[in-house]
Amino acid sequence: MKDLIATYYFKPKSDVTPEFAAQAICEEQTTGTWTDLKTVNDQTSYVHALDGEVLEIVPSANGFQTKLSFPYEIFEPGNIPQYLSVIAGNLFGLGKLESVRLLDIDIPKGLDGHGPKFGIEGVRKLVGTEKSRRPHVGTIIKPKVGLNPKDTAEVAYQAAIGGVDLIKDDETLTDQKFCPLYSRLNAVMDALDRARDETGRQVLYAVNVTTGGDKIQEVARNAVRNGANMLMVDVLTAGFSAVQCLAGDPAITVPIHVHRTMHGAMTRNPEHGIAMLPIAKLVRVCGGDQLHTGTVSGKMGGKAAEVLDVNSALTCPAGKILPVFPVASGGLHPGKVSAEIATLGNEIILQAGGGIHGHPDGTAAGARAMRQAVDAAIEGVSAGEYAKTHPELRKALEKWGSV
Ligand code: RUB
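About the criteria used
Residues numbered from 1 in each chain as written. Predicted model: local features only at pLDDT ≥ 70, side-chain atom pairs only at ≥ 80, totals over all residues. Heavy atoms only, no water. Core = buried A, V, L, I, M, F, W, Y, C linked by side-chain atoms within 4.5 Å. Buried < 20%, exposed > 50% of the residue type's maximum accessible area, 1.4 Å probe, protein only. Helix = DSSP H or I, 4+ residues; strand = E, 2+ residues; numbered from the N terminus. Domains from an automatic or database assignment. Contact = heavy atoms within 4.5 Å. Near = heavy atom within 4 Å. Polar contact = N/O pair within 3.5 Å; in protein donor to acceptor, adjacent residues only side chain to side chain. Areas by Shrake-Rupley, 256 points an atom, 1.4 Å probe, with all protein chains shown as cover. Nonpolar A, V, L, I, M, F, W, Y, C, P; charged D, E, K, R; others polar. Phe/Tyr/Trp six-rings, centres within 6.5 Å; stacked < 30°, edge-to-face > 60°. Lys, Arg positive; Asp, Glu negative; His and termini not counted. Salt bridge = Lys/Arg side-chain N within 4 Å of Asp/Glu carboxyl O. Buried area = accessible area lost by both parts, 1.4 Å probe.

A. Main features of the nonpolar core. One finds Phe70, Ile87, Ile167, Val209 and Leu231 to be the most contacted residues of the largest nonpolar core, which totals 100 residues. When residues of this core are assigned to their parent elements, the largest contribution, eight residues, is made by helix H10 (residues 276-286). Each of domain 1 (4-106) and domain 2 (119-400) accounts for three or more of the residues forming this core. Every residue in contact with Ile167, bar those within four places of it in the chain, is listed here: Thr139, Ile141, Ala156, Ala159, Ala160, Leu192, Val203, Leu204, Tyr205 and Ala206. In terms of nonpolar packing, the next biggest core, distinct from the first, is built from twelve residues, Phe118, Ala206, Met232 and Val327 among them.

Right, here's the structure in full:
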């Protein structure tokens, strides 16, 4: 079996060498600690089979980059929390390090799970875009919280007749009193059925089932029984196991949309924390069908090169493990669509919340404007030119401009 290779950036404190620091990480995360041990001797020499190894150390930015090899046998296959305790555990607090960041992981076969049930093709099939290969358009119901089930359903209906492919809850909306999950789900699915009868298109609704580990599976199963055609999970607040237990459940027969709220606490500091790339690789292993990975022109921080790297880790061939649909979301509107597609390509879900529900003529017009912007980009026409014959797009560009 191959070992798991993890790449880190690190900055040692001034009183230690980079070699000492890399070795300290390696030992802390495998068989060692800060001193030698009397519990390892000739009789327990088998313990050394689980030693890690420093493969390389090279200068990088203000510090160093190192590749560490963790023996296959140190991992319990399928136990993602345990993987994280090895590759992303105590090392972040080591006093001999100024900072340390997990940049990438190379997960060997046997530790890589089953992956998504639907993946890009499965989701495209549900939406009917296997042939056209156009980017999907999604919307986050806005306001984030506050609407009751009836008004949420009306917004969903407007978005659906306007032409979106996917509607989703925002990350903070789960099962609060003002908008109980099952009432919301039933109302939205009725509205989407109504839209389907009128347009012939079935729109997906990712209802946010994020909750505690004691009940997420039950909530998700009930949601599917009540007609949900997609589920949403906040992977970092609920944990990777939440995605894994839903994706691995035969009763969950719908795709899983994975939101990454809280990721900035880990991903934002370029010298410390956990980069988005390993997070994305783990979501693919756990079976997420769609994952937020950032935009090139939106409201959240992040760089285009990194988004591209992450998206290719989600979509590259990986044996039987299906590709995950990357989601660009946060501050998008029709005027940003061509820039997003030019950089991220067509295998992308472009999501707009404010950029649809803030349209001067309302949600349906906002959804039409987003779809028109996608059509323009695919036809190679500028949004401004396309807007001359498409009033919804014109009004969106007048309000928000274009990049
Ligand atoms: C989108 C929104 C999402 C962010 C999350 O709303 O707030 O939760 O996309 O960011 P709007 P990311 O379209 O109104 O900005 O996808 O980068 O994790």
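B. Representation of the site of the ligand within the structure. Residues in close proximity to the ligand total 16 residues, the closest being Arg260, His292, Ser329, Gly331 and Gly353. Residue Gly331 places a main-chain N or O atom 2.7 Å away from an oxygen atom belonging to the ligand. Contact distances for the ligand include 2.7 Å between an oxygen atom and a backbone N or O atom of Gly353. In the complex, the protein chains occlude 94% of the 450 Å² of accessible area that the ligand would expose alone. Residue composition of the shell around the ligand, grouped by class: three nonpolar, seven polar and six charged.

C. Geometry of the packing of aromatic side chains. Following the criterion strictly, the structure yields two aromatic pairs and no others. Ring geometry for Phe75 and Tyr83: centres 5.5 Å apart, planes at 75°, overall edge-to-face. Residue classification places Tyr83 among the buried positions, given a relative accessible area of 1%.

D. Expanded view of the side chain of Glu340. Along the polypeptide, Glu340 turns up in helix H12 (residues 337-344). Among buried charged residues, Glu340 stands out as having no salt bridge; its nearest opposite-charge side chain is Lys336, 7.0 Å away. Contact partners of Glu340, with chain neighbours within four places excluded, come to Thr295, Val296, Ser297, Gly298, Ala328, Leu332, Gly345 and Leu350.

E. Fine view of the domain arrangement of the protein. Domain annotation for the protein reports domain 1 (4-106) and domain 2 (119-400). A separation of 36 Å is found between the C-alpha centroids of domain 1 and domain 2. Taken together, the contact pairs 17 residues of domain 1 with 20 residues of domain 2. Summing both partners gives a buried area of about 1,500 Å² for domain 1 against domain 2, and 57% of it is carried by carbon and sulfur. For the domain 1 face of the interface with domain 2, the top three residues by lost area are Ile80, Arg101 and Ile105, together amounting to 41%. The interface formed by domain 1 and domain 2 includes two salt bridges. Note that Glu271 is salt-bridged to Lys11, the shortest N-O span being 3.1 Å. Viewed at the interface, domain 2 and domain 1 are joined by 16 residue pairs in polar contact (both at pLDDT 80 or more). Those elements giving two or more residues to the side of domain 1 that touches domain 2 turn out to be strand E1 (4-12), helix H2 (80-87) and strand E4 (97-106). Ranked by the residues each element gives to the side of domain 1 that touches domain 2, the list is headed by E4, at seven residues.

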